[in-house]
Amino acid sequence: MTGTPQMIKPLLRLTTILSLSVIGIAHADDSFEPNYDESLIPEYTLPDALTLQDGTAVADVETWKTKRRPELIKLFEEHVYGRAPGKPEAMHFETLDNEPQALDGAATRRQVRIYLTEGTEGPFLDLLMYVPNEGRPVPAFLGLNFYGNHSIAADPNIRLNMNWMRDKGEGVVDNHATDESRGTSASRWPVEMIVKRGYALATMYYGDIDPDTDDDFQNGVHAIFDKQVTGELAEGDPRPTDAWGSIATWAWGLSRSLDYLEEDPDINAARVAVMGHSRLGKTALWAGAEDERFALVISNNSGCGGAALSRRAFGETVWRINTSFPHWFNDKFQEYNNNESALPIDQHELIALIAPRPVYIASAVEDRWADPHGEYLSGYHANPVYQLLGTTGLPGESTELPPVDEPIKTGTIGYHIRTGKHDVTSFDWQQYLDFADLHFNK
Ligand code: GTR
């Protein structure tokens, strides 16, 4: 096709010219200047969470439950995260460690291996738990971690994770953990505080489920269950555009962890809060939206593809995230690069899918990349669904961000923006514990 190069050139030139005057969109050379100016946010209209695709208004609980909720789940599967398989029939568990005298006798440390297939060959998922010795069965917080269970506490008895990991973590050498990485994420996991408040903590390394690298879905649980989603593909057949990306895989792993927690007599599985930070905050939201067994959902600085409204294109955009992390979402999501207004959903509807269950959204002042205001607004715009289902939703009628360090935590939707950077802090955890106390009647 001899005409093609000539056609591309003027197009490229046009993009370059556009990029000089517009920020928050892709430049021709793949560089990117995020927009951090509220006045430059494109005008947008959010899809109405309470209107069916055919235009019918959703005016009662029944229509929400039987029509709109399933429709929204399907839309998020098709356009954003992808479809996942169900619970594997052959799944089984092995307790590798049970130490009742952990944390000076306050808790039991338990390490459980979740096998996904009949045998004991991998991939398997290792769940680490600290369960208070008093007040059982106890409610629990469940969250994925970035650098292995051994990174969340300095306890030398936590098994060192041997799987591939990103080399950004402390003590990670050649993409594998060393003893140096023990306890390096401890500030994000205040185990003593959680146990003292009467909750178990359960955590798993997200790379056990699917390594966070763009490998064309060859490893992790994709290796064993991908065909259930894609069907048999002949050489060269394209992957279905709605097949699960990595976020959907990680969310699936959270549901498998909950399958185990349901079998553990020391845990009150009807009171499990799923929590995640950043990409794992996106994951916690999708897990909580899909799997109604999660009683409470927490998004810590989840940003684009998480709590932040995509149409605001503030900070990280759909194009930016799909270009940096092509494996996180399904292939269809690429169609919305610099084209957010074509999405049939926006992220307030992800929050609405959690209704009427409590959800807490947390932002940080310095985390502009994640668009704190967009994270707040998705809670605000989920309100009509929460209210239809007879709950308070997000207290206050304001579209403006609340004051910094003043959590809103008395409603069914909680929110705070705290001082500081993209991280999980003890301030964050204090709010999550208060919020869980309120909703779990502790
Ligand atoms: C960033 C990404 C964010 C967020 C973050 C993280 O690079 O742009 O969407 O997910 O990583 O997970 O740490």
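Scroll up to find the structure.
Note that residues are indexed from 1 along each chain, following the sequence as it is written. For a predicted model such as this one, the threshold for reporting local features is a pLDDT of at least 70, and the threshold for listing and counting side-chain atom pairs is 80 or more; totals across whole chains, interfaces and linings nevertheless cover every residue. As a rule here, side-chain values come from all non-hydrogen atoms in the structure, and water together with hydrogens is ignored.

### Considering the packing of aromatic side chains
Okay, so step 1: Pairing of aromatic side chains here covers Phe, Tyr and the six-membered ring of Trp, requires ring centres within 6.5 Å, and sorts the geometry by plane angle: under 30 degrees stacked, over 60 edge-to-face, intermediate tilted. Applying the stated criterion across every chain yields a total of 24 aromatic pairs.
Okay, so step 2: When the ring of phenylalanine 329 is compared with that of phenylalanine 333, the centres are 4.6 Å apart and the planes differ by 40°; the resulting orientation is tilted. Of the two residues examined, phenylalanine 329 and phenylalanine 333, each falls in the buried class.
Okay, so step 3: Each residue in the set Phe141, Trp189, Tyr199, Tyr360, Trp429, Tyr432 and Phe435 is aromatic and connected to the rest through ring pairs, giving one cluster.
Okay, so step 4: Counting as a charge over the ring demands two things of the Lys NZ or Arg CZ atom: a distance within 6 Å of the ring centre and an angle within 35 degrees of the ring normal. Here the guanidinium or amino end of arginine 256 rests over the ring plane of tryptophan 252, the centre of that ring lying 5.0 Å away.
Okay, so step 5: The ring of tyrosine 36 has arginine 368 sitting right over it, with the charged end atom 4.0 Å from the ring centre. Three labels apply to residues, based on accessible area from a 1.4 Å probe with only protein chains included: buried if under 20% of the type maximum, exposed if over 50%, partly exposed otherwise in between.

### What to know about the site of the ligand
Okay, so step 1: Around the ligand, the surrounding shell consists of Ser278, Arg279, Lys282, Glu316, Ile321, Phe325, Trp328, Trp369 and His422.
Okay, so step 2: A distance of 2.5 Å separates an oxygen atom of the ligand from a polar atom in the side chain of arginine 279.
Okay, so step 3: Nitrogen and oxygen atoms within 3.5 Å of one another constitute a polar contact, given that in protein one can donate a hydrogen and the other can accept it, and given that sequence-neighbouring residues count only through two side-chain atoms. At a separation of 2.5 Å, an oxygen atom of the ligand approaches a polar side-chain atom of glutamate 316.
Okay, so step 4: Each residue gets one of three labels, nonpolar for Ala, Val, Leu, Ile, Met, Phe, Trp, Tyr, Cys and Pro, charged for Asp, Glu, Lys and Arg, and polar for the others, Gly among them. Partitioning the shell around the ligand into residue classes produces four nonpolar, two polar and three charged. We call a residue near a molecule or strand when any one of its heavy atoms sits within 4 Å of it.

### What about the nonpolar core?
Okay, so step 1: Note on terminology: a nonpolar core comprises buried Ala, Val, Leu, Ile, Met, Phe, Trp, Tyr and Cys residues joined through side-chain atoms within 4.5 Å. Ranked by internal contacts, the top residues of the largest apolar core, which has 91 residues, are Tyr81, Leu261, Ile267 and Trp286.
Okay, so step 2: Secondary structure elements follow DSSP: runs of H or I no shorter than four residues count as helices, runs of E no shorter than two count as strands, and numbering proceeds from the N terminus. Take this core: its biggest share by element is nine residues, from helix H7 (residues 246-263).
Okay, so step 3: Residue contacts follow a heavy-atom distance rule, with two residues in contact if any of their heavy atoms lie within 4.5 Å. Once you skip the residues sitting within four places of it in the chain, tyrosine 81 turns out to touch Phe76, Ala243, Trp244, Gly245, Ile247, Ala248, Trp286, Gly305, Phe329, Asn330, Gln347 and Leu350.
Okay, so step 4: Ranked by size, the runner-up nonpolar core spans 28 residues in total, among them Ile158, Trp189, Leu201 and Trp429.

### Side note on the sheet that holds strand E7 (residues 200-205)
Okay, so step 1: Strand pairing is assigned whenever DSSP detects at least two bridges linking the two strands. Pairing is mixed in the open sheet, where nine strands are placed in the order E1-E2-E3-E7-E4-E8-E9-E10-E11. Here the strands that pair on one side only, and so sit at the sheet edges, are strand E1 (92-101) and strand E11 (413-418). The sheet shows a mean angle of 15° between the axes of neighbouring strands, direction not considered.
Okay, so step 2: Summarising the sheet, strand E2 (residues 107-115) and strand E3 (residues 124-132) pair through nine bridges and their orientation is antiparallel. Among the inter-strand pairings, valine 112 is bridged to a residue of E3, identified as leucine 127. To get an axis, fit a line to the C-alpha atoms, keeping to the stretch in contact for a helix; angles then go from 0 to 180 degrees between the N-to-C directions.

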